[in-house]
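Here is what each chain is made of, one letter per residue.
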Amino acid sequence: MKPSGSVPPTLRFGVFELDPRVGELRKKGMKIRLQGQHQLDARLALGEIEMKSGQTASGRVHLQALEREAHAKGFELIARKSAAAAKG
């Protein structure tokens, strides 16, 4: 099991890849740099997509990690949305 403060590895969905460790979003291999709230918003959207597409275990892990990170950085709305999405 991952430590509570860990950041998930690269998240993939369709033509998109998000690497939360460096804040990069790629679409078909092209870099789109994300910072701060935008990165957290993208991770929330990908987590919600995972949950809705049947990948509930990985979606829940990603959303729970996002909730902890958003809370630690002071983004309470994103933390609440992640917690709600992780519950399904």
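Parameters and conventions
Within every chain, residues take consecutive numbers counted from 1 along the sequence as written. Given that the model is predicted, a residue must reach a pLDDT of at least 70 before its local features are reported, and side-chain atom pairs must reach 80 or more before they are shown or counted; all residues, however, enter totals for whole chains, interfaces and linings. To obtain the side-chain values, all non-hydrogen atoms of the structure were used and water was disregarded. Elements are defined by DSSP. Helices are runs of H or I of four residues or more, strands are runs of E of two residues or more, and each kind is numbered from the N terminus. Between the first and last residue of a helix there are one fewer steps than residues, each counted as 1.5 Å, and that sum is the expected span. Only protein chains enter the area calculation, which uses a 1.4 Å probe; residues under 20% of their type maximum are buried, those over 50% are exposed, and those in between are partly exposed. Contact between two residues is taken to exist if any of their heavy atoms lie within 4.5 Å; hydrogens are not considered. Lines fitted to the C-alpha atoms define the axes, with helices restricted to the stretch that makes contact. Angles between their N-to-C directions range from 0 to 180 degrees. An angle below 35 degrees is read as roughly parallel, one above 145 as roughly antiparallel, one from 65 to 115 as roughly perpendicular, and any other as oblique. In this scheme, a crossing is called left-handed if the near helix is turned counterclockwise away from the far one by less than a right angle; it is called right-handed if the turn is clockwise. Note on residue categories: nonpolar means Ala, Val, Leu, Ile, Met, Phe, Trp, Tyr, Cys or Pro, charged means Asp, Glu, Lys or Arg, and polar means any other residue, Gly included. Our arc is simply the arc of the directions from the helix axis toward the C-beta atoms.

A. Main features of helix α1 (residues 36-52). Between its first and last C-alpha, α1 extends 25 Å over 17 residues, near the 24 Å set by a 1.5 Å rise per residue. Taken together, the buried positions of α1 are Gln39, Leu40, Ala42, Arg43, Leu44, Leu46, Gly47, Glu50 and Met51. Where the residues of α1 are buried, they touch β1 (11-13), β2 (16-19), α2 (56-73) and α3 (76-87). Two residues or fewer past α1, Gly54 is found with a positive phi of approximately 95°.

B. A look at the packing of α2 against α3. Closest axis-to-axis distance for the α2/α3 pair is 8 Å, and the angle between their directions is 160°. Here α3 runs roughly antiparallel to α2, going by the angle between their axes. Between α2 and α3 the crossing geometry is left-handed. Together, Arg60, Leu63, Gln64, Leu66, Glu67, Ala70 and His71 of α2 and Glu76, Ile78, Ala79, Ser82, Ala83, Ala85 and Ala86 of α3 make up the contact between the two elements. A breakdown of the residues in the contact of α2 with α3 according to their chemical character gives eight nonpolar, three polar and three charged.

C. Just unusual backbone geometry, in detail. One non-glycine residue, Lys28, adopts positive backbone phi at about 55°. Tracing the backbone shows Lys28 in the loop between β3 (24-27) and β4 (30-33).

D. Main features of α2. Compared with an ideal rise of 1.5 Å per residue, which puts 18 residues at 26 Å, α2 spans 25 Å between its outermost C-alpha atoms and is within 8% of the ideal. Residues of α2 that are buried: Gly59, His62, Leu63, Ala65, Leu66, Glu69 and Ala70. One side of α2 carries all its buried residues, which in axial view fall inside an arc of 165°. The outward face of α2, more than 90 degrees from its buried face, is lined by the exposed residues Ala57 and Ala72. Taken together, the buried residues of α2 touch β1, α1 and α3. Residue Gly74 follows α2 closely and has a positive phi angle near 90°.

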